[in-house]
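Single-letter residue listing:
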Amino acid sequence: MPPTDSPTGIRLTGLTKTFRSPAGPVHAVRGIDLEIAGGETVALLGPNGAGKSTTIDMVLGLLPPDAGTVEIFGRSPDRAIASGAIGAMLQTGGVISDLSVRELLEMTSSLYPHPLAVDEVVELTRIGDLAGRKTTKLSGGQTQRLRFALSLVGDPDLLVLDEPTVAMDVETRRQFWTTMREFAGRGKTIVFATHYLEEADDYADRIVLMAAGRIVADGPATEIKARVGRRVVRATLPTADLDDLRRLPGVASAERRGEGVVLSCTDSDGALRALLPAFPDARDIEVSGAGLEDAFLELTATPEEGAVA
(Lines give C-alpha, C1' and ligand atoms only; values in the text may rest on other atoms or scores of the structure.)
Protein backbone atom coordinates (compact mmCIF):
# COMPACT_ATOMS: atom_id res chain seq x y z
CA MET A 1 0.00 0.00 0.00
CA PRO A 2 1.17 3.61 -0.52
CA PRO A 3 3.12 5.29 2.24
CA THR A 4 0.78 7.15 4.58
CA ASP A 5 2.91 10.30 4.47
CA SER A 6 2.81 10.57 0.66
CA PRO A 7 0.25 12.92 -0.95
CA THR A 8 -2.53 11.13 -2.79
CA GLY A 9 -2.14 11.21 -6.56
CA ILE A 10 -5.28 9.24 -7.45
CA ARG A 11 -8.28 8.49 -5.26
CA LEU A 12 -11.12 6.30 -6.60
CA THR A 13 -14.12 5.92 -4.32
CA GLY A 14 -17.01 3.52 -5.03
CA LEU A 15 -16.28 3.67 -8.76
CA THR A 16 -18.88 1.83 -10.86
CA LYS A 17 -19.57 1.58 -14.58
CA THR A 18 -22.12 -0.55 -16.45
CA PHE A 19 -22.63 -0.72 -20.21
CA ARG A 20 -25.84 -1.74 -21.94
CA SER A 21 -25.79 -4.37 -24.66
CA PRO A 22 -28.39 -6.45 -26.53
CA ALA A 23 -27.39 -9.41 -24.35
CA GLY A 24 -27.98 -7.43 -21.16
CA PRO A 25 -25.96 -5.19 -18.82
CA VAL A 26 -22.17 -5.52 -18.77
CA HIS A 27 -20.80 -4.64 -15.33
CA ALA A 28 -17.35 -3.37 -16.34
CA VAL A 29 -16.34 -1.82 -12.99
CA ARG A 30 -18.00 -2.80 -9.72
CA GLY A 31 -17.39 -0.47 -6.82
CA ILE A 32 -13.62 0.13 -6.90
CA ASP A 33 -11.92 1.89 -3.99
CA LEU A 34 -8.27 2.70 -4.67
CA GLU A 35 -5.63 5.22 -3.59
CA ILE A 36 -2.32 5.74 -5.38
CA ALA A 37 0.29 7.92 -3.71
CA GLY A 38 2.10 10.66 -5.54
CA GLY A 39 5.36 9.34 -6.96
CA GLU A 40 4.26 5.69 -7.16
CA THR A 41 4.60 3.54 -10.27
CA VAL A 42 1.59 1.22 -10.34
CA ALA A 43 0.79 -1.59 -12.78
CA LEU A 44 -2.86 -2.36 -13.47
CA LEU A 45 -3.19 -6.03 -14.42
CA GLY A 46 -6.06 -8.32 -15.29
CA PRO A 47 -7.45 -10.56 -18.03
CA ASN A 48 -9.42 -9.16 -20.96
CA GLY A 49 -12.71 -7.78 -19.68
CA ALA A 50 -11.37 -7.17 -16.16
CA GLY A 51 -12.24 -3.46 -16.33
CA LYS A 52 -8.72 -2.00 -16.66
CA SER A 53 -9.33 0.20 -19.71
CA THR A 54 -12.72 1.33 -18.41
CA THR A 55 -11.11 2.35 -15.13
CA ILE A 56 -8.40 4.25 -17.01
CA ASP A 57 -11.00 6.02 -19.15
CA MET A 58 -12.82 7.19 -16.00
CA VAL A 59 -9.55 8.35 -14.42
CA LEU A 60 -8.93 10.43 -17.55
CA GLY A 61 -12.48 11.82 -17.62
CA LEU A 62 -13.23 10.11 -20.94
CA LEU A 63 -16.11 8.17 -19.37
CA PRO A 64 -18.40 9.37 -16.57
CA PRO A 65 -18.83 6.85 -13.76
CA ASP A 66 -22.33 5.61 -12.98
CA ALA A 67 -21.47 6.01 -9.31
CA GLY A 68 -18.45 7.01 -7.26
CA THR A 69 -15.82 9.69 -7.63
CA VAL A 70 -12.39 10.22 -9.18
CA GLU A 71 -9.88 12.68 -7.73
CA ILE A 72 -6.50 13.48 -9.31
CA PHE A 73 -4.26 15.39 -6.89
CA GLY A 74 -7.43 16.52 -5.12
CA ARG A 75 -9.11 17.72 -8.31
CA SER A 76 -11.65 16.34 -10.76
CA PRO A 77 -10.16 14.77 -13.91
CA ASP A 78 -11.25 17.67 -16.15
CA ARG A 79 -9.62 20.26 -13.88
CA ALA A 80 -6.45 18.17 -13.58
CA ILE A 81 -6.26 17.83 -17.36
CA ALA A 82 -6.91 21.55 -17.89
CA SER A 83 -3.96 22.33 -15.62
CA GLY A 84 -1.66 20.05 -17.64
CA ALA A 85 -1.22 17.62 -14.74
CA ILE A 86 -2.06 14.47 -16.76
CA GLY A 87 -0.38 12.85 -19.74
CA ALA A 88 -1.81 9.76 -21.38
CA MET A 89 -0.91 7.13 -23.95
CA LEU A 90 -3.95 5.03 -24.86
CA GLN A 91 -4.46 1.96 -27.02
CA THR A 92 -6.61 3.80 -29.55
CA GLY A 93 -6.13 7.02 -31.46
CA GLY A 94 -3.82 8.12 -34.21
CA VAL A 95 -1.43 11.01 -34.77
CA ILE A 96 -1.92 14.03 -37.01
CA SER A 97 -0.69 13.37 -40.52
CA ASP A 98 1.35 15.61 -42.84
CA LEU A 99 3.55 16.86 -40.01
CA SER A 100 7.03 15.80 -39.07
CA VAL A 101 7.58 14.24 -35.66
CA ARG A 102 9.26 17.43 -34.41
CA GLU A 103 6.50 19.66 -35.80
CA LEU A 104 3.85 17.60 -34.04
CA LEU A 105 5.76 17.72 -30.76
CA GLU A 106 6.16 21.50 -31.07
CA MET A 107 2.48 21.96 -31.82
CA THR A 108 1.45 19.76 -28.87
CA SER A 109 3.91 21.51 -26.58
CA SER A 110 2.25 24.86 -27.31
CA LEU A 111 -1.01 23.58 -25.76
CA TYR A 112 0.45 23.13 -22.26
CA PRO A 113 1.15 25.78 -19.63
CA HIS A 114 4.55 24.46 -18.54
CA PRO A 115 5.83 21.98 -21.16
CA LEU A 116 9.18 20.30 -21.38
CA ALA A 117 11.51 21.57 -24.09
CA VAL A 118 10.98 19.61 -27.28
CA ASP A 119 14.69 18.84 -27.52
CA GLU A 120 14.56 17.38 -23.99
CA VAL A 121 11.60 15.16 -24.92
CA VAL A 122 13.35 13.98 -28.07
CA GLU A 123 16.44 13.10 -26.07
CA LEU A 124 14.49 11.53 -23.19
CA THR A 125 12.44 9.29 -25.49
CA ARG A 126 15.34 8.59 -27.86
CA ILE A 127 13.46 9.56 -31.04
CA GLY A 128 16.11 11.80 -32.56
CA ASP A 129 16.28 9.43 -35.53
CA LEU A 130 12.59 10.11 -36.22
CA ALA A 131 12.43 13.87 -35.60
CA GLY A 132 12.47 14.90 -39.27
CA ARG A 133 10.25 12.08 -40.53
CA LYS A 134 6.61 12.58 -41.52
CA THR A 135 4.17 10.86 -39.17
CA THR A 136 2.65 8.99 -42.14
CA LYS A 137 6.02 7.31 -42.74
CA LEU A 138 6.31 5.75 -39.27
CA SER A 139 5.98 2.04 -38.54
CA GLY A 140 3.69 0.80 -35.79
CA GLY A 141 6.50 0.66 -33.24
CA GLN A 142 7.80 4.09 -34.26
CA THR A 143 4.31 5.55 -33.90
CA GLN A 144 4.18 4.13 -30.38
CA ARG A 145 7.46 5.88 -29.59
CA LEU A 146 6.02 9.15 -30.88
CA ARG A 147 2.82 8.73 -28.89
CA PHE A 148 4.93 8.18 -25.78
CA ALA A 149 6.84 11.40 -26.48
CA LEU A 150 3.54 13.26 -26.92
CA SER A 151 2.36 12.00 -23.52
CA LEU A 152 5.50 13.45 -21.88
CA VAL A 153 5.77 16.79 -23.64
CA GLY A 154 3.41 18.55 -21.19
CA ASP A 155 5.60 17.50 -18.23
CA PRO A 156 2.64 15.86 -16.45
CA ASP A 157 2.59 14.97 -12.77
CA LEU A 158 0.54 11.85 -13.61
CA LEU A 159 1.31 9.65 -16.61
CA VAL A 160 -1.33 7.07 -17.58
CA LEU A 161 -0.36 4.37 -20.09
CA ASP A 162 -2.67 1.70 -21.52
CA GLU A 163 -0.69 -1.18 -23.09
CA PRO A 164 2.17 1.21 -23.98
CA THR A 165 4.64 -1.32 -25.44
CA VAL A 166 2.30 -3.01 -27.90
CA ALA A 167 3.98 -3.16 -31.35
CA MET A 168 7.41 -2.38 -29.88
CA ASP A 169 10.29 -4.77 -30.50
CA VAL A 170 12.43 -6.06 -27.66
CA GLU A 171 15.09 -3.34 -27.90
CA THR A 172 12.51 -0.55 -28.15
CA ARG A 173 10.67 -1.94 -25.12
CA ARG A 174 13.91 -1.91 -23.14
CA GLN A 175 14.56 1.71 -24.14
CA PHE A 176 10.97 2.62 -23.26
CA TRP A 177 11.32 1.31 -19.70
CA THR A 178 14.69 3.00 -19.29
CA THR A 179 12.97 6.28 -20.12
CA MET A 180 10.11 5.46 -17.75
CA ARG A 181 12.57 4.93 -14.90
CA GLU A 182 14.16 8.29 -15.62
CA PHE A 183 10.77 10.01 -15.69
CA ALA A 184 9.59 8.28 -12.51
CA GLY A 185 12.83 9.41 -10.88
CA ARG A 186 11.57 12.98 -11.20
CA GLY A 187 8.83 12.20 -8.67
CA LYS A 188 6.12 11.55 -11.25
CA THR A 189 3.14 9.26 -10.64
CA ILE A 190 2.79 6.54 -13.25
CA VAL A 191 -0.08 4.12 -13.84
CA PHE A 192 0.23 1.57 -16.63
CA ALA A 193 -1.89 -1.33 -17.82
CA THR A 194 -0.07 -4.17 -19.56
CA HIS A 195 -0.41 -7.78 -20.66
CA TYR A 196 3.34 -8.26 -20.28
CA LEU A 197 3.51 -9.57 -16.72
CA GLU A 198 7.30 -9.32 -16.61
CA GLU A 199 6.98 -5.56 -17.15
CA ALA A 200 4.81 -5.25 -14.06
CA ASP A 201 7.14 -7.50 -12.07
CA ASP A 202 10.26 -5.59 -13.12
CA TYR A 203 9.13 -1.96 -13.10
CA ALA A 204 6.10 -1.41 -10.83
CA ASP A 205 6.33 -0.41 -7.18
CA ARG A 206 2.91 -1.92 -6.73
CA ILE A 207 0.48 -4.10 -8.66
CA VAL A 208 -3.30 -3.72 -8.68
CA LEU A 209 -4.84 -6.93 -10.02
CA MET A 210 -8.38 -6.76 -11.40
CA ALA A 211 -10.89 -9.43 -12.39
CA ALA A 212 -14.56 -9.11 -13.33
CA GLY A 213 -14.55 -5.40 -12.55
CA ARG A 214 -13.14 -5.71 -9.05
CA ILE A 215 -9.76 -5.45 -7.37
CA VAL A 216 -8.70 -8.94 -6.26
CA ALA A 217 -5.15 -8.15 -5.12
CA ASP A 218 -3.18 -5.00 -4.37
CA GLY A 219 0.43 -4.75 -3.24
CA PRO A 220 4.06 -5.24 -4.27
CA ALA A 221 4.75 -8.05 -6.72
CA THR A 222 6.47 -10.08 -3.99
CA GLU A 223 3.41 -9.85 -1.77
CA ILE A 224 1.03 -10.90 -4.55
CA LYS A 225 3.22 -13.85 -5.52
CA ALA A 226 3.35 -14.90 -1.86
CA ARG A 227 -0.47 -15.15 -1.80
CA VAL A 228 -0.16 -18.20 -4.04
CA GLY A 229 0.98 -20.89 -1.61
CA ARG A 230 2.23 -23.29 -4.25
CA ARG A 231 5.87 -23.90 -5.02
CA VAL A 232 7.35 -25.55 -8.09
CA VAL A 233 9.79 -28.48 -7.94
CA ARG A 234 11.80 -29.23 -11.07
CA ALA A 235 13.94 -32.34 -11.45
CA THR A 236 15.55 -34.48 -14.13
CA LEU A 237 13.62 -37.78 -14.12
CA PRO A 238 13.55 -39.26 -17.63
CA THR A 239 11.73 -42.51 -16.77
CA ALA A 240 9.33 -41.45 -13.99
CA ASP A 241 5.63 -42.09 -14.48
CA LEU A 242 3.59 -38.90 -14.16
CA ASP A 243 0.71 -40.64 -12.40
CA ASP A 244 3.14 -41.92 -9.73
CA LEU A 245 4.46 -38.39 -9.28
CA ARG A 246 0.95 -36.95 -8.97
CA ARG A 247 0.22 -39.40 -6.14
CA LEU A 248 3.10 -38.09 -4.03
CA PRO A 249 1.96 -36.16 -0.94
CA GLY A 250 2.00 -32.41 -1.45
CA VAL A 251 1.94 -32.63 -5.28
CA ALA A 252 -1.00 -30.91 -6.98
CA SER A 253 0.03 -31.55 -10.59
CA ALA A 254 2.90 -32.96 -12.63
CA GLU A 255 3.99 -32.47 -16.20
CA ARG A 256 6.92 -33.58 -18.31
CA ARG A 257 9.39 -31.24 -20.03
CA GLY A 258 11.74 -33.43 -22.05
CA GLU A 259 13.76 -35.49 -19.56
CA GLY A 260 12.61 -33.24 -16.72
CA VAL A 261 9.43 -33.03 -14.68
CA VAL A 262 7.71 -30.02 -13.18
CA LEU A 263 5.71 -30.56 -10.01
CA SER A 264 3.31 -27.92 -8.74
CA CYS A 265 3.21 -28.44 -4.98
CA THR A 266 0.94 -27.37 -2.15
CA ASP A 267 3.63 -28.68 0.24
CA SER A 268 7.04 -28.69 -1.42
CA ASP A 269 8.81 -29.96 1.71
CA GLY A 270 6.51 -32.97 1.94
CA ALA A 271 6.79 -33.61 -1.78
CA LEU A 272 10.60 -33.62 -1.62
CA ARG A 273 10.64 -35.97 1.37
CA ALA A 274 8.46 -38.40 -0.62
CA LEU A 275 10.19 -37.85 -3.98
CA LEU A 276 13.73 -38.76 -3.01
CA PRO A 277 13.04 -42.26 -1.53
CA ALA A 278 10.56 -43.09 -4.31
CA PHE A 279 12.79 -41.81 -7.13
CA PRO A 280 16.44 -42.07 -5.97
CA ASP A 281 17.69 -41.32 -9.50
CA ALA A 282 16.19 -37.80 -9.40
CA ARG A 283 18.84 -35.14 -10.00
CA ASP A 284 19.19 -31.44 -10.76
CA ILE A 285 16.42 -30.68 -8.28
CA GLU A 286 15.23 -27.06 -8.06
CA VAL A 287 12.54 -25.50 -5.87
CA SER A 288 11.09 -22.10 -6.69
CA GLY A 289 8.23 -19.97 -5.48
CA ALA A 290 5.20 -19.10 -7.56
CA GLY A 291 5.79 -16.53 -10.27
CA LEU A 292 3.60 -13.54 -11.06
CA GLU A 293 1.97 -15.51 -13.88
CA ASP A 294 0.95 -18.24 -11.41
CA ALA A 295 -0.50 -15.63 -9.06
CA PHE A 296 -2.24 -13.87 -11.94
CA LEU A 297 -3.93 -17.07 -13.13
CA GLU A 298 -4.96 -18.23 -9.67
CA LEU A 299 -6.20 -14.91 -8.32
CA THR A 300 -8.18 -13.97 -11.45
CA ALA A 301 -9.65 -17.41 -12.14
CA THR A 302 -12.69 -17.26 -9.86
CA PRO A 303 -12.84 -13.89 -8.08
CA GLU A 304 -15.01 -14.00 -5.02
CA GLU A 305 -18.12 -11.86 -4.95
CA GLY A 306 -17.15 -8.45 -3.59
CA ALA A 307 -13.50 -9.46 -3.11
CA VAL A 308 -11.28 -6.45 -2.57
CA ALA A 309 -7.68 -6.64 -1.34
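Fair warning: this is a prediction, and the values are worked out from it, not measured in the lab.

Participant: Whenever I open this one, the side chain of Asp 162 confuses me. Can you help?
Facilitator: Here Asp 162 is to be found in strand β6 (residues 158-162). Lys 52 provides the closest opposite charge to the buried, unpaired Asp 162, separated from it by 6.7 Å. A polar contact of 2.9 Å, which involves the side chain of Asp 162, links it to the side chain of Ser 53.

Participant: Can you walk me through helix α4 (residues 118-125) in this structure?
Facilitator: One turn of an α-helix holds 3.6 residues; hence residues three or four places apart share an orientation. Considered for burial, the residues of α4 that qualify are Val 118, Val 121, Val 122, Leu 124 and Thr 125. Seen from one end, α4 has its buried residues packed into an arc of 165°, which puts them on one side. Facing away from the buried side of α4, by more than 90 degrees, are the exposed residues Asp 119 and Glu 123. In this structure, the buried side of α4 is in contact with α3 (101-109), α5 (140-152) and α6 (170-184). Where α4 ends, the next residue or the one after it, Arg 126, has phi of about 60°, a positive value.

Participant: Sorry if this is basic, but what is going on with empty space enclosed by the protein here?
Facilitator: Scanning the entire structure with this criterion turns up two cavities of 30 Å³ or more. Of the volumes computed, that of the largest cavity is approximately 90 Å³. For the lining of the largest cavity, the elements supplying multiple residues, two or more each, are β1 (8-19), β2 (26-37), β3 (41-45) and α1 (52-59). Top element by residues in the lining of the largest cavity is α1. It accounts for three residues. Of the residues belonging to the lining of the largest cavity, the class tally is ten nonpolar, one polar and no charged. Of the voids in this model, the second largest cavity is the one considered here, and its volume is about 70 Å³. At the level of secondary structure, the elements contributing two or more residues to the lining of the second largest cavity comprise α5 and α6. Sort the elements by how many residues they give to the lining of the second largest cavity and α6 lands first, with four residues.

Thresholds applied
- Residues numbered from 1 in each chain as written.
- Predicted model: local features only at pLDDT ≥ 70, side-chain atom pairs only at ≥ 80, totals over all residues.
- Heavy atoms only, no water.
- Helix = DSSP H or I, 4+ residues; strand = E, 2+ residues; numbered from the N terminus.
- Buried < 20%, exposed > 50% of the residue type's maximum accessible area, 1.4 Å probe, protein only.
- Lys, Arg positive; Asp, Glu negative; His and termini not counted.
- Salt bridge = Lys/Arg side-chain N within 4 Å of Asp/Glu carboxyl O.
- Polar contact = N/O pair within 3.5 Å; in protein donor to acceptor, adjacent residues only side chain to side chain.
- Arc of directions from axis to C-beta.
- Contact = heavy atoms within 4.5 Å.
- 1 Å grid on protein atoms, 1.4 Å probe; cavity = no way out; pocket = protein on both sides within 12 Å on 5 of 7 lines; lining within 4 Å.
- Points joined across faces, edges and corners; volume = space filled by probe spheres on them.
- Nonpolar A, V, L, I, M, F, W, Y, C, P; charged D, E, K, R; others polar.

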